[in-house]
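Take a look at the letters that make up each chain.
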Amino acid sequence: MKKAAGIRSATFVKSSAKVEQLPSPELPEFAFIGRSNVGKSSLINMLVGQKELAHTSSNPGKTQTINHYLIDKNWYLVDLPGYGYAKVARSMRTEWQKTLEKYILTRENLMNVFVLVDSRIPPQESDLTFINRLGERGIPLSVVFTKCDKIGKVVLEDNIGKFREAMLQFWEETPPFFITSAEKGTGKDELLTYVAGALKNSDHGD
Ligand code: GTP
Ligand code: MG
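Residues numbered from 1 in each chain as written. Chains lettered and ligands numbered in written order. Predicted model: local features only at pLDDT ≥ 70, side-chain atom pairs only at ≥ 80, totals over all residues. Heavy atoms only, no water.

Participant: In this structure, what is going on with the nonpolar core? I would like to understand it.
Facilitator: A general feature of soluble globular proteins is that nonpolar side chains tend to end up buried together. Core analysis: the largest hydrophobic core is formed by 34 residues, its most contacted members being L80, Y103, V115, V143 and F163. For this core, the secondary-structure elements that each account for two or more residues are strand 2 (29–34), strand 4 (75–79), helix 2 (90–106), strand 5 (110–118), helix 3 (125–136), strand 6 (141–146) and helix 4 (153–167). Here this core gets five residues from one element, more than from any other, and that element is helix 4. Within the second largest apolar cluster, 25 residues are counted, among which are I7, A10, F32 and A54. (Core = buried A, V, L, I, M, F, W, Y, C linked by side-chain atoms within 4.5 Å. Buried < 20%, exposed > 50% of the residue type's maximum accessible area, 1.4 Å probe, protein only. Helix = DSSP H or I, 4+ residues; strand = E, 2+ residues; numbered from the N terminus.)

As structure tokens, this is what we get:
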């Protein structure tokens, strides 16, 4: 496999609390989502090679808006708040779920949703439910296992195997899986190669 070229430039564009505030959809975009604290913002920083572009925190619920980053002046990378964060007030959660749903279902330039899943734990109902809902609606997605530096290979493979099995109860085949560590840079080339391929198909490739 050809090594993906690294990202040359990454700049923050804007934070949107509502779908109406999003940047105009003229560039292809790739969104990162997953439960709170799974490592979305850290993964984004790892991909772009900047330590503090997306704000990270050990307290879940850090990212609260839809955040657009312009990459190589050619595509948007989008950091989304986590789903299933229990400490946020129920009314706010419902509100956010509506916004998220609207974003995912209506965003015409959304090329792929990367759903991040904590590689250290067995399949979680909330992740599977979310993924299956995207699948039902025909939204292109990939599964990204995070924090793989924190566990051994045996547990990692066991958790991923179980996740695949759980998905195959609903899916005929599984979407692409990526194994990553924001700490160690694992999976960076694979993810960027995947994005580059999708951009090429959309006529936005180099
Ligand atoms: P919210 O914005 O709150 O939904 O969280 P998030 O999914 O953006 O998570 P964030 O990137 O803020 O990371 C949460 C915590 O996990 C931070 O303390 C990170 O340092 C840690 N973390 C994230 N990725 C990794 C990783 O690959 N390895 C290790 N060891 N820690 C990680
Ligand atoms: Mg975040």
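From this point, the narrative continues.
Participant: Could you clarify how one ought to interpret the pattern of salt bridges in this entry?
Facilitator: Note on pairing: side chains with opposite charge can pair once their charged atoms come close. This model, assessed by the stated rule, comprises eight salt bridges. E20 is the partner of K102 in a salt bridge, and the nearest nitrogen-oxygen pair spans 2.8 Å. Of this pair, K102 sits in helix 2 while E20 sits in the loop between strand 1 (10–16) and strand 2, and the two are 82 residues apart along the sequence. R120 is the partner of D118 in a salt bridge, and the nearest nitrogen-oxygen pair spans 2.7 Å. (Salt bridge = Lys/Arg side-chain N within 4 Å of Asp/Glu carboxyl O.)

Participant: What is the right way to look at helix 3 in this model?
Facilitator: For an α-helix, the turn length of 3.6 residues means that residues three or four places apart are oriented alike. Counted at 1.5 Å a residue, the expected span for helix 3 with its 12 residues is 16 Å, and the 16 Å between its end C-alpha atoms agrees. Residues of helix 3 that are buried: D127, L128, F130, I131, N132 and L134. Phi turns positive one or two residues past the end of helix 3, at G138, with a value near 70°. (Expected span 1.5 Å × (residues − 1).)

Participant: Which parts of the structure should I look at to understand the environment of M167?
Facilitator: Assignment of secondary structure puts M167 in helix 4. For the pair M167 and A198, spaced 31 residues apart in the sequence, the C-alpha separation amounts to 23 Å. If sequence neighbours within four positions are ignored, M167 has contacts with L128, I131, V143, T174, P175 and F177. (Contact = heavy atoms within 4.5 Å.)

Participant: Help me understand the sheet that holds strand 4 in this model?
Facilitator: Think of a sheet as strands paired side by side through backbone hydrogen bonds, with each pair either parallel or antiparallel. Taking strand neighbours across the sheet as the criterion, the seven strands line up as 1-3-4-2-5-6-7 in an open arrangement whose pairing is mixed. Every interior strand has two partners, whereas the edge strands, strand 1 and strand 7 (177–179), have only one. If you compare each strand with its neighbour and ignore which way they point, the axes differ by 25° on average. Pairing of strand 2 with strand 4 involves four bridges; the strand directions are parallel. Directly across from A31, in strand 4, lies its bridge partner V78. Lying over the sheet, helix 5 (residues 188–201) contacts strand 2, strand 4, strand 5, strand 6 and strand 7, oriented at roughly 160° with respect to strand 5. (Pairing = 2+ DSSP bridges. Axes fitted to C-alpha atoms, helices over the stretch in contact; angles between N-to-C directions.)

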